[in-house]
Amino acid sequence: MNDYIFLQHYWWFIISLLGGLLVLLLFVQGGQSLLFTIGKTENEQKMLINSTGRKWEFTFTTLVTFGGAFFASFPLFYSTSFGGAYWVWLLILLCFVLQAVSYEFQSKKGNLLGKKTYQVFLIINGILGPVLLGAAVGTFFNGAEFIVNKAQLTHIGMPVISRWANSLHGLEAALNIWNVCLGLGVFFLSRVLALLYFINNINDDAVRERCRKRLYIEAPLFLLFFLTFFIHTLITKGFAVDPVTGEVFMENYKYFYNFIQMPTVGIILLAGVVLVLFGIIQPLISKSTKGIWFSGAGTVLTVLALLLCAGWNGTAYYPSSADLQSSLTISNSCSSLFTLKVMTYVSFFIPFVLAYIFYAWRSIDLHKITKEEMENDKHAY
């Protein structure tokens, strides 16, 4: 039993880490939304598109890995959320499909829609992708409208464990102001990270200076929406789980107490926030190009801490606002002990995969993007 509990916590940690990496990689979407804001000429826009275009596969792959890890380790969440809140997930996937098509076809000769149309598709993905993902994650703290009935599995006519309690199937998440705050926080964070990445990746004085000036707008907006969501989360009631009976109940200041009772997670959160702020301030006061690495690492740590707070310490990570006892926890929604053990052995290969990603990333970014390259590279986006 102790092994089972450990593996449940271990796999929630893996899920949380993947979530942090995914939010970091949303700088690709943030960069797309800034295409016409930072790029004032066609050549500058081409530099921006190629800067993010060489990384979009990382974001999409991480999103798929995030979903796959959830499916394997916490299948009840996968069937409940992806199967019930399907409209919001379909919109997210549609955004990413538009992104892939746009990068590949915008510069193709003879494309039917024209280059500008595909660039507009990139902007749509850059706005809707982060907002929808942020709103979806917001339901981890604010609840979603679903009902779980495991006895339904034996029903011959309809062996479906969970069902959605309304006809919006996930779109109602956008009607919750706190989910929207987190969605907008993720959106502006993606733009901040994109600006920092452009400063690091594009060797052009005009683009870099424009990015630094834009940070004065995007960073305060990110802090406004993120802190509004975070402070509300700390002071509101949270979804606690009785360790003996498994009963879910509302507890005052639950998420605040989680950080106090799990000091390591609180320290990770604090370190993440400090790194994000340091990465934003550094290029503004020293003209440094390394801010993306500090803010990027801080983003991963901050999201990791938030998701650990949502799932550890007797907390329902996917609460139901339609039926409190249908809320999902890491214990009532996880795979079997055998499955988690097998997956744990597989997870030992993750460091090697990360090492390869680091190597590939470094190889791609070894030479900074310049106007001259865009003019002479026939294979550029």
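Since the model is a prediction, treat every value here as computed from it, not as a measurement.

Calculation notes
Residues numbered from 1 in each chain as written. Predicted model: local features only at pLDDT ≥ 70, side-chain atom pairs only at ≥ 80, totals over all residues. Heavy atoms only, no water. Salt bridge = Lys/Arg side-chain N within 4 Å of Asp/Glu carboxyl O. Helix = DSSP H or I, 4+ residues; strand = E, 2+ residues; numbered from the N terminus. Buried < 20%, exposed > 50% of the residue type's maximum accessible area, 1.4 Å probe, protein only. Phe/Tyr/Trp six-rings, centres within 6.5 Å; stacked < 30°, edge-to-face > 60°. Lys NZ or Arg CZ within 6 Å of the ring centre and 35° of its normal. Axes fitted to C-alpha atoms, helices over the stretch in contact; angles between N-to-C directions. Contact = heavy atoms within 4.5 Å. Nonpolar A, V, L, I, M, F, W, Y, C, P; charged D, E, K, R; others polar. Pairing = 2+ DSSP bridges. Core = buried A, V, L, I, M, F, W, Y, C linked by side-chain atoms within 4.5 Å. 1 Å grid on protein atoms, 1.4 Å probe; cavity = no way out; pocket = protein on both sides within 12 Å on 5 of 7 lines; lining within 4 Å. Points joined across faces, edges and corners; volume = space filled by probe spheres on them. Polar contact = N/O pair within 3.5 Å; in protein donor to acceptor, adjacent residues only side chain to side chain.

Peer 1: Please give an account of the pattern of salt bridges that cites residues and values.
Peer 2: Throughout the structure, instances matching the rule amount to five salt bridges. Salt-bridge contacts for Lys-287 lead to Glu-209; the nearest nitrogen and oxygen are separated by 3.8 Å. Taken together, the residues Lys-287 in the loop between helix H12 (263-286) and helix H13 (291-311) and Glu-209 in helix H10 (residues 205-235) connect sequence positions 78 residues apart. Residue Glu-218 pairs with Arg-214 through a salt bridge whose shortest N-O separation is 2.8 Å. You can see Glu-218 and its partner Arg-214 sitting in helix H10, four residues apart, about one turn around the helix. Residue classification places Glu-218 among the buried positions, given a relative accessible area of 1%. Since its relative accessible area comes to 23%, Arg-214 is described here as partly exposed.

Peer 1: Lay out the packing of aromatic side chains in plain terms, naming residues and giving numbers.
Peer 2: Counted by the stated rule, this structure contains 42 aromatic pairs. Plain terms: the ring middles of Tyr-78 and Phe-82 are 4.5 Å apart, the flat faces sit at 20° to each other, and that makes the pair stacked. Residue Tyr-78 and its partner Phe-82 are both found in helix H6 (residues 75-84); the two are separated by four residues, about one turn of the helix. A relative accessible area of 29% means that Tyr-78 is categorised as partly exposed. Where Phe-82 meets Trp-89, the ring centres are 4.5 Å apart and the plane angle is 15°; that geometry is what we call stacked. On the basis of relative accessible area, Phe-82 is assigned to the partly exposed category, the value being 22%. On the basis of relative accessible area, Trp-89 is assigned to the buried category, the value being 12%. The ring of Trp-361 has Lys-55 sitting right over it, with the charged end atom 4.9 Å from the ring centre.

Peer 1: Break down the packing of helix H5 (residues 56-73) against helix H14 (residues 337-347) for me, with residues and values.
Peer 2: Packing of H5 against H14 brings their axes to within 10 Å, and their N-to-C directions diverge by 145°. Two secondary-structure elements touch here, H5 through Ala-69, Ala-72 and Ser-73 and H14 through Thr-339, Leu-340 and Met-343. Of the residues in the contact of H5 with H14, the class split is four nonpolar, two polar and no charged.

Peer 1: Account for the pairing of strand S4 (residues 248-252), naming residues and giving values.
Peer 2: Bridge count for strand S3 (residues 237-241) against S4 is five bridges, and the pairing is antiparallel. Its bridge partner lying in S4, Val-241 is registered against Val-248. Hairpin connection, S3 to S4: the antiparallel pair is bridged by six residues, and Gly-246 has positive phi, about 80°.

Peer 1: How would you summarise the nonpolar core if you had to cite specific residues and measurements?
Peer 2: General note: in soluble globular proteins, nonpolar side chains tend to be found buried as a group. Among the nonpolar cores identified, the biggest contains 101 residues, and Trp-12, Phe-70, Phe-74, Phe-259, Tyr-317 and Tyr-318 are the most heavily contacted of them. The leading source of residues in this core is helix H9 (residues 177-201), at 14 residues. With near-sequence residues (within four places) excluded, Phe-70 lies in contact with Trp-12, Ile-15, Pro-75, Phe-77, Tyr-78, Phe-140 and Tyr-317.

Peer 1: Would you mind going over empty space enclosed by the protein in detail, with residue names and values included?
Peer 2: With the rule as written, the count across this model stands at three cavities of 30 Å³ or more. Contributing elements (two or more residues each) for the lining of the largest cavity: H6, helix H7 (86-105) and helix H8 (115-142). With three residues, the top contributor of residues to the lining of the largest cavity is H8. Each residue belonging to the lining of the largest cavity can be placed in one class, and the counts come to ten nonpolar, three polar and one charged.

Peer 1: Any chance you could break down the side chain of His-169 for me, citing the residues and the numbers?
Peer 2: For His-169, the location among the structural elements is in the loop between strand S2 (162-164) and H9. At a separation of 2.8 Å, a polar atom in the side chain of His-169 contacts the main-chain carbonyl oxygen of Gly-84. Beyond its immediate stretch of four places on either side in the chain, His-169 contacts Gly-84, Ala-85, Tyr-86, Trp-87, Val-88 and Trp-164.

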